[in-house]
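# Topology and contacts: notes
Residues per chain are reported as follows:
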Amino acid sequence: MHQTFDAALEINLLHANQTGADHNRKHFDRWGITCLNIMSSPGAGKTVLLEQTLKVLKDKFKIAVIEGDMTTELDADRLRKYDVPVIPINTGRSCHLDSKMVAGGIHTLEHQYNPHDFDLVLVENVGNLVCPAEFEVGEHAKVALLSVTEGEDKPLKYPVMFQEADCLLITKTDLAPYLDIDLDCIADNVRQMNPNITIIYLSAKTGAGLSQWFDWIEKILQQNPVKHLSTQV
Amino acid sequence: MHETDMTKALIITVKDWYRSQIPQPKINKIHLIVGQFTCVEPLSLKFAFEVQTRNTFLEGVELAIQDIPLIAFCHTCQQEYKPNIGLQYSCPDCKSPMDDIRSGRELKIDRIEYSTLEEQVVKQT
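Residues numbered from 1 in each chain as written. Chains lettered and ligands numbered in written order. Predicted model: local features only at pLDDT ≥ 70, side-chain atom pairs only at ≥ 80, totals over all residues.

With that settled, consider the overall build of chain A. Tallying secondary structure elements over chain A gives eight helices and eight strands in all. By the compact-globule yardstick of 17 Å for 233 residues, chain A fits well, its C-alpha radius of gyration being 19 Å. (Helix = DSSP H or I, 4+ residues; strand = E, 2+ residues; numbered from the N terminus. Rg over C-alpha atoms; globule rule 2.2 N^0.38 Å.)

Listed below in structure tokens is the structure:
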């Protein structure tokens, strides 16, 4: 004779990932590192943004890149030119980074470098507007990119990423004059679900808006209470 | 297809629970709660679950998914509203931004239905 029962579990499906992310963040905190998770659809300009960022900020802060969005070594080589550690992560065919993959990158940082030397770790996520939003990796802030060629409606269609982001970079603004796009409408659509987000318009090609992006990074570095002794150098 | 990863997480959690049971019961149904303001598509999750549990102790187990609507609270109007996902998230009355989500972000294993022989019953805590 059988009896049926219920066992209440009430466990979050992403519990394991979240635990891993918290663990990663503890490592970063211990070393005084601020970590940014950089996300966008493929081709929105994450790598070129990193190039421009490293070019200007590498002399001011000690930066490492954890590179998840890498189909070839070409991307990593582009970034290594700036003489910063670029740690590639083998994502396989995964559509997002998870905390376990980033833990692998942290492990490399810990064993091949002196992690206490670093101020900033930039994690370039896999190009995808959907999944990365659900998988925290241990970051202190999330940065989303949306290029002007993608259309005003994308934040409405893929809301979770834009709702979670702390900073939105509207990229490729140099192309805006050639498109039927309303830049204010992009910002309005994002603020509908995320009123406190910082929105910066920029073009990595012309350099417009980049200084605001660098200012935002510096602000985040200063807000992160565990630092910032080394930045005073 | 991040539902594949979600399913892996689901199976690991259920397996942990299953192994902690003495004697090991027969699992009949797993109840999930999935909010509409997540990146998870219930049909993809069901498909991934069916594929990934083939030839395992979970083969044939039903996955019941409770869809939870996105509900936000407008502090200006002092009322709840249901944002129109894909079209509009701000308050339909006063257009204030959605800044207080009351439901729709859930992604959890709610409970497991299982059966066991009567003489083997072990009380759940």
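That was the structure; now back to the text.
Turning next to the overall build of chain B. The helix and strand tally for chain B stands at two helices and six strands. Its helices and strands in sequence order give chain B the pattern α-β-α-β-β-β-β-β, from N to C terminus. Against the globule reference of 14 Å for 125 residues, chain B gives a C-alpha radius of gyration of 19 Å, more extended than a compact globule. Seen along its three principal axes, the alpha-carbon backbone of chain B occupies a region of about 60 × 35 × 15 Å. In chain B, buried positions account for 26% of the 125 residues. (Buried ≥ 20, exposed ≤ 12 C-beta atoms within 10 Å, placed from the backbone.)

Our next topic: the sheet that holds strand 4 (residues 86-88) of chain A. The pairing of strands in a sheet happens through backbone hydrogen bonds and is either parallel or antiparallel. Residues and elements named next belong to chain A. On the basis of which strands lie adjacent, the open sheet formed by seven strands has the order 4-3-5-2-6-7-8 and parallel pairing. Edge positions in the sheet fall to strand 4 and strand 8 (198-201), since each of these pairs with one other strand and no more. Strand-to-strand twist of the sheet, defined as the mean angle between neighbouring strand axes without regard to direction, takes the value 20°. Across four bridges, the pairing between strand 2 (residues 34-39) and strand 6 (residues 141-147) is parallel. (Pairing = 2+ DSSP bridges. Axes fitted to C-alpha atoms, helices over the stretch in contact; angles between N-to-C directions.)

With that out of the way, let us pick up the interface of chain B and chain A. Listed as interface residues are 35 residues of chain B and, on the opposing side, 30 residues of chain A. Counting residues per element, the ones that place at least two in the side of chain B that touches chain A are helix 1 (3-20) and strand 6 (107-117) of chain B. (Contact = placed C-beta atoms within 7 Å.)

Here the residue pair I22 of chain B and P23 of chain B is connected by a cis peptide bond, since its omega of -10° sits within 30 degrees of zero. Looking at the element boundaries, P23 of chain B is found in the loop between helix 1 and strand 1 (26-35). Non-glycine residue E10 of chain A carries a positive phi angle of around 50°. Within the chain, Q78 of chain B stands out as a residue other than glycine whose phi angle is a positive 55°. Inspection of the secondary structure puts Q78 of chain B in the loop between strand 3 (71-74) and strand 4 (79-81). Its 7 C-beta neighbours within 10 Å are what place Q78 of chain B among the exposed residues.

Moving on, we come to the environment of M6 of chain B. With respect to the helices and strands, the residue M6 of chain B is situated in helix 1. Ignoring anything within four residues of it in the chain, the contact list for M6 of chain B reads L13 of chain A together with V40 and L45 of chain B.

The next thing to look at is the sheet that holds strand 3 of chain B. All names here are of chain B. Pairing in this open sheet of three strands is antiparallel, and the strands run 4-3-5 from one edge to the other. Strands with a single pairing partner mark the edges of an open sheet, and in this sheet they are strand 4 and strand 5 (101-103). Strand-to-strand twist across the sheet, computed as the mean angle between neighbouring axes with direction ignored, equals 35°. Of the strand pairs in this sheet, strand 3 and strand 4 are connected by three bridges, and their pairing is antiparallel.

On to the pairing of strand 1 of chain B. Residues and elements named next belong to chain B. With seven bridges connecting them, strand 1 and strand 2 (residues 62-68) associate as parallel partners. Residue pairing across strands places I30 opposite L63, the latter belonging to strand 2. After leaving strand 1, the chain enters helix 2 (residues 42-52) and then returns to the sheet as strand 2, a path that is right-handed. (Right-handed = clockwise from strand over helix to strand, strands pointing away.)

This part is about the confidence of the model for chain A. With 94% of its residues at a pLDDT of at least 70, chain A reaches an overall mean of 92. This stretch, residues 228-233 of chain A, has a pLDDT under 50; its non-local contacts, to residues over four places away or in other chains, come to nine contacts. (pLDDT = per-residue confidence, 0-100.)

Residues and elements named next belong to chain A. In this fold, G105 is placed in helix 4 (residues 99-112). Between the alpha carbons of G105 and G68 there is a distance of 9.5 Å; along the sequence they are 37 residues apart. G105 has contacts with I66, I87 and I89, leaving out every residue within four places of it along the chain.

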